[in-house]
Amino acid sequence: ALDIGHDLGRALLNARAFERERRLVDELRELDSYKSRLVATLAHELKNPLTSILGHTEILGASPDLGAAERTSVGAVERGAARMQRLVDDLLTLAHAGDPHTPFTPTPVDLHAAVLEAVDLLRVTVNHKALDVVVEAPEDSIKVLAEPDGVEQILSNLISNATKYTPEGGRVTVRLTPMKRYVRLEVSDTGLGISPRDQEQLFSEFFRSTNPEAVALPGTGLGLAIVQRIVERHRGRIHFTSELGEGTTFTVTLPRA
Ligand code: ADP
């Protein structure tokens, strides 16, 4: 009888501890959701004034009466506002992708065509840095069941990072491998690589590398957080391997259509 009483007491304590933990998890979830909504609201409110600032700097910049000093100032305002706009857009995309209430509406998307389009959009950087961009796909049409905007975000972020963090004359390879239920997408570069310490935080919001060569390039530190959330929405997987000074490969799997 003593033993039974002892066991019951232990079970009760465990149940209480479990209940406390569950409540803490709920509270943290609620706080996280509040934070996301706050950030999304702020970003949304900043969108209109920013559009207005950019519109007016364009008008000012086109004025023929502008002196050299004024022109420099208008240029600085325009660059600052454009940077803020990228940040606001990324914040809104991140909030949208991470919100469990956002409806998930996948359709068949031709991943190969989407890759070619994403590469084409980066042509200016690619030519400017004399990068060698190779797309490898065993078939013309490789379809995934995904949200078209999501696919575009994944590709533009991963491929633009590969071109951004690869010095002149380097190579970027995008490889598609259809498997039974998934399609594997690999984006490899021969660029700066990522140190083991930075690797631990790579998907965190606002994280930017501690590598001075990488920080010198413009960015918000939100791209990979966005990619990770979109991949998770699709019940896909994402991981990477990287060697400092050698290069990086990101691998994503998305459900096959
Ligand atoms: P951003 O590029 O805007 O800084 P990301 O979230 O896309 O933000 O990337 C976070 C950081 O990860 C970058 O600042 C960069 O240091 C590192 N990184 C991402 N992709 C690569 C890559 N292909 N090669 C080297 N570093 C990378």
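The structure this text deals with has already been given above.
Quick caveat, the model's predicted, so the values are computed rather than measured.

### As for the packing of aromatic side chains
What the rule picks out here adds up to two aromatic pairs. Ring centres 5.3 Å apart and planes at 40 degrees place the aromatic pair F240 and F250 in the tilted group. With F240 in strand 6 (residues 237–243) and F250 in strand 7 (residues 247–255), this residue pair connects regions lying ten residues apart in the sequence. The class for F240 is buried, based on a relative accessible area of 16%. Put simply, the rings of F203, F240 and F250 pair up and form one aromatic cluster.

### Some details on the site of the ligand
Among the 20 residues in the neighbourhood of the ligand, the closest are listed as N161, Y165, R208, S209 and L224. One of the side-chain nitrogen or oxygen atoms of N161 is found 2.8 Å away from an oxygen atom of the ligand. Considering the ligand on its own, with 530 Å² of exposed area, one finds that the protein chains cover 97% of that surface. Among the residues forming the shell around the ligand, the class breakdown is nine nonpolar, eight polar and three charged.

### Looking at the sheet that holds strand 7
Strand order in this open sheet of five strands is 2-4-5-7-6, and the pairing throughout is mixed. Where the open sheet ends on each side, the last strands, each with one partner, are strand 2 (132–136) and strand 6. Recorded for the sheet is a direction-independent mean angle of 10 degrees between the axes of neighbouring strands. Here helix 3 (residues 111–121) sits on the sheet in contact with strand 2, strand 4 (171–178) and strand 5 (182–189), set at roughly 170 degrees to strand 2. Its contacts with the sheet place helix 8 (residues 223–233) against strand 6 and strand 7, and it is angled at close to 145 degrees to strand 6.

### Some details on the pairing of strand 3 (residues 143–146)
Going residue by residue along strand 3, you find V144 and A146 tucked away on one face and K143 and L145 left uncovered on the opposite face. Pairing between strand 1 (residues 107–110) and strand 3: four bridges, direction antiparallel. Among the inter-strand pairings, T107 is bridged to a residue of strand 3, identified as A146.

### What about helix 2 (residues 68–98)?
Between the first and last C-alpha of helix 2 there are 45 Å, a value that for 31 residues agrees with the 45 Å anticipated at 1.5 Å per step. Residues V74, G75, A81, V88, D90, L91, L92, L94 and A97 constitute the buried set of helix 2.

### Let's talk about the layout of surface pockets
The volume enclosed by the second largest pocket comes to roughly 720 Å³. Taken together, 26 residues line the second largest pocket, and the ones lying closest to its centre are S36, G98, D99, P100 and R229. Of all the secondary-structure elements, those providing two or more residues to the lining of the second largest pocket are helix 1 (2–62), helix 2 and helix 8. Broken down by element, the residue count for the lining of the second largest pocket peaks at eight residues, all from helix 1. Split by residue class, the lining of the second largest pocket holds ten nonpolar, seven polar and nine charged.

Rules behind the numbers
Residues numbered from 1 in each chain as written. Predicted model: local features only at pLDDT ≥ 70, side-chain atom pairs only at ≥ 80, totals over all residues. Heavy atoms only, no water. Phe/Tyr/Trp six-rings, centres within 6.5 Å; stacked < 30°, edge-to-face > 60°. Helix = DSSP H or I, 4+ residues; strand = E, 2+ residues; numbered from the N terminus. Buried < 20%, exposed > 50% of the residue type's maximum accessible area, 1.4 Å probe, protein only. Near = heavy atom within 4 Å. Polar contact = N/O pair within 3.5 Å; in protein donor to acceptor, adjacent residues only side chain to side chain. Areas by Shrake-Rupley, 256 points an atom, 1.4 Å probe, with all protein chains shown as cover. Nonpolar A, V, L, I, M, F, W, Y, C, P; charged D, E, K, R; others polar. Pairing = 2+ DSSP bridges. Axes fitted to C-alpha atoms, helices over the stretch in contact; angles between N-to-C directions. Contact = heavy atoms within 4.5 Å. Expected span 1.5 Å × (residues − 1). 1 Å grid on protein atoms, 1.4 Å probe; cavity = no way out; pocket = protein on both sides within 12 Å on 5 of 7 lines; lining within 4 Å. Points joined across faces, edges and corners; volume = space filled by probe spheres on them.

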